[in-house]
Amino acid sequence: MPVMELISRLAIAFITLLVLTRLMGRKEIAQLTFFNFVSAISIGAIGASLAIDSSLSVTNGLIALLTWSAFTIIIGVLDLKSPLFRNTVEGQPVILVQKGEIMDKALQKVRLDLDALNTLLRKKNVFEISDVDYAIFETDGTLSVMKKETQQPLTKGNMNIKQATDMTFPTSASLISDGKIQEKNLEKLNIDHEWLEQQLRQSGINSISDVFYAEVQKDGTLYIDTNNDNPL
C-alpha cells in the first residue's frame, strides 16, 4: 500500500471514529457493560481494517462503521425506553454477599470464584467477608460493598440517619422507573405498594404515572423525579 494512501486511510479512520464515538455518547467509555464491550471491540476492528486493509475499500469501510454505529445508537435508545430490553441486554446487579454470607449460586451465575471475590473485596478495603453486610456485583463488572454498621466509621451523618427514620434498607434501589413500579425491587426490599403510595402522597403525587423515577435510599427516604423534570 502506498504511503500516502495509508496516511489518508489512517486520517479518515481516526476522524470517523472520533465523530462516531461522540455521537454514541460517553456511556461506551464510562460504563463498560457486555454490549458496550462488544460494540467497542467491533468498531475498533472495523476502524483498523479501514486504516490498513487495502482489500477493503474506503467506501465499504465507512459504510460498515456507520452501520455498526447506527446499531449501537438504536440499542442505546431501546435501552433507555424499555427496562425489559435493558435487563435482557445488560443484565441486572447480583448480590454476592448478604449479611456476611456468601451466595454460592450467585457466584456460579456470574462465574466468579472465591479468590476473585476476595480480590474485589480487598480493592474496597475489605479483608474479611464477615465484615460485609451486602456486596453487589454490578453490570459493569465492579463490586459495590456496604460494610456492617459495626465496621463503618461513626459520623454525625450516620447518627442523623438513625434518628431520621425507623426504616432502613441494605442498599439504594429504584422503585419506579419510567412510570412503572419495579416489582422485583419491592420484593427484594420487602416493601409493599401501600408504603410506596403513602410516600408519594406525602410528596403531593397521587398517580404513579406522574413519576419518572423514584429511588429509595438506605436511610428510608425516597428520591422522586417527576415527569416534568422537577425532582422532589
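Before reading further, recall that the structure is shown in the block above.
Q: Before we move on, could you go through the overall build of the protein chain and cite the residues and values that matter?
A: A tally of helices and strands in the protein chain yields 10 helices and 8 strands. When burial is assessed residue by residue, the protein chain has 31% of its 232 residues classed as buried. For the protein chain, the share of sequence-separated contacts (at least 6 apart) that also reach a separation of at least 24 residues comes to 52%. In the form shown here, the protein chain has an accessible surface area of approximately 14800 Å², with 58% of it arising from carbon and sulfur atoms.

Q: Can you break down the sheet that holds strand β8 (residues 222-226) residue by residue, with the values?
A: Reading across the sheet, the 4 strands line up as β6-β5-β7-β8 and stay open at both edges, with antiparallel pairing between neighbours. Either end of the sheet is taken by a strand with one partner, and the two such strands are β6 (180-181) and β8. Both strand β5 (residues 173-177) and strand β7 (residues 211-216) contribute to a ladder of 4 bridges, which runs antiparallel. Bridging across to β7, Ala173 finds its partner in Val216.

Q: Before we move on, could you go through helix α4 (residues 58-81) and cite the residues and values that matter?
A: Look at α4: 35 Å from first C-alpha to last across 24 residues, which is about the 34 Å you get at 1.5 Å a residue. Regarding α4, the residues found buried are Gly61, Leu65, Ser69, Thr72 and Asp79.

Q: How would you explain the nonpolar core if you had to name every residue and give the values?
A: Core analysis: the biggest nonpolar cluster contains 17 residues, and Leu175, Ile176, Leu196 and Leu200 have the highest contact counts within it. For Leu196, the contacting residues outside a window of four places in its chain are Leu175, Ile176, Ile181, Leu186 and Leu222. Of all hydrophobic cores here, the second largest spans 15 residues; its members include Leu96, Leu120, Leu121 and Ile129.

Q: Any chance you could break down the packing of α4 against helix α5 (residues 83-90) for me, citing the residues and the numbers?
A: The angle between the axes and the distance between the axes are what describe a pair of packed helices. For the pair α4 and α5, interaxial distance at closest approach is 6 Å and the crossing angle is 120 degrees. Looking at the two axes, α4 sits oblique to α5. Contacts between α4 and α5 involve Ile75, Leu78, Asp79, Leu80 and Lys81 on the former and, on the latter, Pro83, Phe85, Arg86 and Glu90. Split into classes, the residues belonging to the contact of α4 with α5 amount to 5 nonpolar, no polar and 4 charged.

Q: Residue-level account of unusual backbone geometry, with values.
A: Its identity as a non-glycine residue notwithstanding, Asn125 has a phi of 65 degrees, on the positive side. Looking at the element boundaries, Asn125 is found in the loop between α7 (114-123) and β3 (132-137). With relative accessibility at 56%, the residue Asn125 sits in the exposed group. A positive phi angle is found at Asn190, which is not glycine, with a value near 60 degrees. Note on placement: Asn190 falls in the loop between α9 (183-188) and α10 (193-202). A relative accessible area of 69% places Asn190 in the exposed class.

Q: Explain a nonpolar patch on the surface to me, and be specific about the residues and the numbers.
A: On the surface, Phe14, Ile15, Leu18, Val19, Leu23, Ile73 and Val77 cluster together into a nonpolar patch covering about 680 Å² of accessible area. For the nonpolar patch, the secondary-structure elements that each account for two or more residues are α1 (3-24) and α4. Mapped onto the elements, Leu18 comes out in helix α1.

Q: Provide a residue-level description of the pairing of strand β4 (residues 143-147), including the pertinent values.
A: Two strands pair when backbone bridges link them, and β3 and β4 are joined in this way by 5 bridges, in the antiparallel orientation. Each bridged residue has a counterpart across the sheet, and for Val132 the counterpart in β4 is Lys147. Taken together, β3 and the strand that follows it, β4, pair antiparallel across an intervening segment of 5 residues, in which Gly141 is found at a positive phi of about 90 degrees.

About the cut-offs
- Residues numbered from 1 in each chain as written.
- Predicted model: local features only at pLDDT ≥ 70, side-chain atom pairs only at ≥ 80, totals over all residues.
- Heavy atoms only, no water.
- Helix = DSSP H or I, 4+ residues; strand = E, 2+ residues; numbered from the N terminus.
- Buried < 20%, exposed > 50% of the residue type's maximum accessible area, 1.4 Å probe, protein only.
- Contact = heavy atoms within 4.5 Å.
- Areas by Shrake-Rupley, 256 points an atom, 1.4 Å probe, with all protein chains shown as cover.
- Pairing = 2+ DSSP bridges.
- Expected span 1.5 Å × (residues − 1).
- Core = buried A, V, L, I, M, F, W, Y, C linked by side-chain atoms within 4.5 Å.
- Axes fitted to C-alpha atoms, helices over the stretch in contact; angles between N-to-C directions.
- Parallel < 35°, antiparallel > 145°, perpendicular 65-115°, else oblique.
- Nonpolar A, V, L, I, M, F, W, Y, C, P; charged D, E, K, R; others polar.
- Patch = residues over 30% accessible without salt bridge, like charges linked within 9 Å, V, L, I, M, F, W, Y side chains within 5 Å.
- Salt bridge = Lys/Arg side-chain N within 4 Å of Asp/Glu carboxyl O.

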